[in-house]
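Descriptive structure summary
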2 protein chains.
Amino acid sequence: MSLLVVGSVALDSVETPFGKIENALGGSAVYISLSGSYFSAPVRLVAVVGGDFPKKYLKQLEERSIDLDGLKVVESGKTFRWGGRYHYDMNSRDSLYTELNVFEKFDPVIPERFKKSSYVCLGNIDPVLQRRVLEQIAKPRLVIGDTMNYWIQNTPDELRKTLKVMDVLIVNDSEARLLTQEPNLVKAAKQIIRMGPRVVIVKKGEHGALLVTDDTIFSAPAYPLETINDPTGAGDAFAGGFSGWLAKTDDVSPENLKRAVIYGSALASFCVERFSVERLQDLTYLEIKDRYRSFRDLSHFDDGV
Amino acid sequence: MSLLVVGSVALDSVETPFGKIENALGGSAVYISLSGSYFSAPVRLVAVVGGDFPKKYLKQLEERSIDLDGLKVVESGKTFRWGGRYHYDMNSRDSLYTELNVFEKFDPVIPERFKKSSYVCLGNIDPVLQRRVLEQIAKPRLVIGDTMNYWIQNTPDELRKTLKVMDVLIVNDSEARLLTQEPNLVKAAKQIIRMGPRVVIVKKGEHGALLVTDDTIFSAPAYPLETINDPTGAGDAFAGGFSGWLAKTDDVSPENLKRAVIYGSALASFCVERFSVERLQDLTYLEIKDRYRSFRDLSHFDDGV
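Before going into details, it helps to say that this report is about the structure given with it. Here the structure is a predicted model, which means the values were calculated and not measured.

1. Some words on helix α10 (residues 285-299) of chain B
Since one α-helical turn is 3.6 residues long, residues separated by three or four positions face the same way. Compared with the 21 Å implied by 1.5 Å per residue over 15 residues, the 22 Å span of α10(B) between its first and last C-alpha is a close match. Buried within α10(B) we find Ile288(B), Lys289(B), Arg291(B), Tyr292(B), Phe295(B), Leu298(B) and Ser299(B). On its buried face, α10(B) sits against β13 (217-220) and α10 (285-299) of chain A together with α9 (254-271) of chain B.

Structure below.
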């Protein structure tokens, strides 16, 4: 089934203890689309860039069969730029600068061809814009969305309205706690379910992810990487792998949601192995399957005696 | 096989957002022995208490078939007392007081009958004492040990010597990082393996536990409890369930170590449901088996399409 992705396309400058890159391809819509492209092709991308956006990056996206008809190029503007530095333990980072540029006035217009998209993945953008996207889509089968602290704190009412029209919310642990004022993650997820989404996924970074529905709790481990070069985009790679697998299989049963969480975790684990989207550029189906099996070996145990 | 447990017996006063208790039965050796007693009986306990130690607590331990021949009663002294308060999110606590009393001069003497113990679980005590225990045991099959920040920081050389004679080290994530100065938990565990133990278990509280050997990594989820009444003793209950299962089955294969981690996690999850050792007093085999199965449901997924 078709997968539509809406979010940011950015030029990222990132420094970690293992190296640095400048003006590399980034943004939520990029990480989601590239990760989703291993399952569902062509992924439909809706975003905005400026006239300065390098042609080679467009080519890179097209090489992964990403449909760029919804990528608006504002020739007179500049692309969204973000700069960040990760600390020694990789769990915290400083944003050095955030230049929204053309992204500040992003008003997602869904091309006619994209209006019948079955699966929709909304990257972390203004909840008002997330709803505006959905108003243009004819009865999507599943709406998956991300959000962040900024919207939880600054536009709580708009976020509440958007949560009512989302099927799956993907958040990290601190966001889940902030949104609900509840420290217990299982309770927090169940509170979010009462706000609208019927599936909540809580990403816990190096501790994996929790999938919570009304009657299922599933705990996915994190892949035990010894070297993480650049954590940027891991959450979006998760969302892309998760959404891509669901779009490919068109099955939202509890068992398949679990598989989707593992594919999401697998894509996130590849993402952080190299800088920017380097590792998401040339994966093979076999590598992804192998990593899926590694997740099984990592977490399965038998019935015992 | 026989299981010998050495550690503290204490009178705990604990306050959490859900209630408080005073002078309740506590201490590492108590939590380990009670948890282990569901698998391997009688568990052999070696510890020290003062003349003030309530008889009803002795009876409570005996009711779980714990062999108290190694429990020294110093009639003229007072029992180790600890007071603590947990914060709203239950992940942090303040020690209000620590009165070592008779525990300060604890010198573990292993009764003759206990000297041929196959499985030995050393609670968190001075690493010098941990070695003194082992010197009295004739060729134990498996030595499982705990430690804490205090020994890592204050007696690093003695701890290093003790690590050389331990087979399994159970630590929490912050202790693993402190011991190795390595933020990545997998790398930290592998560094600890180079210090002596061939199995390292890293407890991650609400995020479960990691089992690491030279060639296995296993990630156990935490049981998604919505209400935790008192986290005291969870780590020791883990050690007790883990050690008890291994002593019962006398099988230290990678597959059985995984099962032991799940039984340890199960006992820890029961432990925190009530205050002090209340919940570890009257579990049934069926309840434990049921929880084991819940851990499987929580973490297993199938091969997909």
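Back to the text.
2. Re the sheet that holds strand β11 (residues 199-203) of chain A
Residue and element names in this part refer to chain A. Read across the sheet, nine strands follow the order β5-β4-β1-β8-β9-β10-β11-β12-β13 without closing on themselves; strand pairing throughout is mixed. Either end of the sheet is taken by a strand with one partner, and the two such strands are β5 (66-74) and β13. When the angles between neighbouring strand axes are averaged without regard to direction, this sheet yields 15°. Relative to strand β12 (residues 209-213), β11 runs antiparallel, the two sharing five bridges. Bridging across to β12, Val199 finds its partner in Thr213. Lying over the sheet, helix α3 (residues 127-135) contacts β1 (3-6), β8 (119-122) and β9 (142-146), oriented at roughly 165° with respect to β8.

3. Examining the relation of the copies chain B and chain A
One copy of the chain maps onto the second through a rotation around an axis plus a translation along that axis. With an RMSD of 0.0 Å, chain B superimposes on chain A once it is rotated by 180° and translated 0.0 Å along the axis. Here the symmetry operator amounts to a two-fold rotation axis.

4. A look at the interface of chain B and chain A
Accessible area lost upon the coming together of the parts serves often as the stated size of an interface. Taken together, the contacts link 44 residues of chain B with 42 residues of chain A. Buried area between chain B and chain A, both sides added, is near 3800 Å², and the carbon and sulfur share of it is 50%. Linking chain B with chain A are eight salt bridges. Among the ionic pairs, Glu226(A) bridges to Lys190(B), the shortest N-O distance being 3.2 Å. Our count for the contact surface shared by chain B and chain A stands at 22 residue pairs in polar contact (both at pLDDT 80 or more). Mapped onto the side of chain B that touches chain A, the elements with two or more residues apiece are α6 (173-180), α7 (185-195), β13 (217-220), α8 (234-249), α9 and α10 of chain B. Broken down by element, the side of chain B that touches chain A gets its largest block of residues, eight residues, from α10(B). Classifying every residue of the side of chain B that touches chain A by side-chain character gives 17 nonpolar, 10 polar and 17 charged.

5. A few points about the pairing of β11(A)
All names here are of chain A. Across the five residues of β11, five count as buried, placing the element largely inside the fold. Judged by which residues are buried, β11 turns out to be covered on both faces: Val199, Ile201 and Lys203 on one side and Val200 and Val202 on the other are all buried. Where strand β10 (residues 168-172) meets β11, five bridges bridge the pair, whose relative direction is parallel. When the bridges of β11 are listed, Val168 appears paired with Val199.

Quick notes on the rules
- Residues numbered from 1 in each chain as written.
- Chains lettered and ligands numbered in written order.
- Predicted model: local features only at pLDDT ≥ 70, side-chain atom pairs only at ≥ 80, totals over all residues.
- Heavy atoms only, no water.
- Helix = DSSP H or I, 4+ residues; strand = E, 2+ residues; numbered from the N terminus.
- Expected span 1.5 Å × (residues − 1).
- Buried < 20%, exposed > 50% of the residue type's maximum accessible area, 1.4 Å probe, protein only.
- Contact = heavy atoms within 4.5 Å.
- Pairing = 2+ DSSP bridges.
- Axes fitted to C-alpha atoms, helices over the stretch in contact; angles between N-to-C directions.
- Least-squares fit on C-alpha atoms with pLDDT ≥ 70 in both.
- Buried area = accessible area lost by both parts, 1.4 Å probe.
- Salt bridge = Lys/Arg side-chain N within 4 Å of Asp/Glu carboxyl O.
- Polar contact = N/O pair within 3.5 Å; in protein donor to acceptor, adjacent residues only side chain to side chain.
- Nonpolar A, V, L, I, M, F, W, Y, C, P; charged D, E, K, R; others polar.

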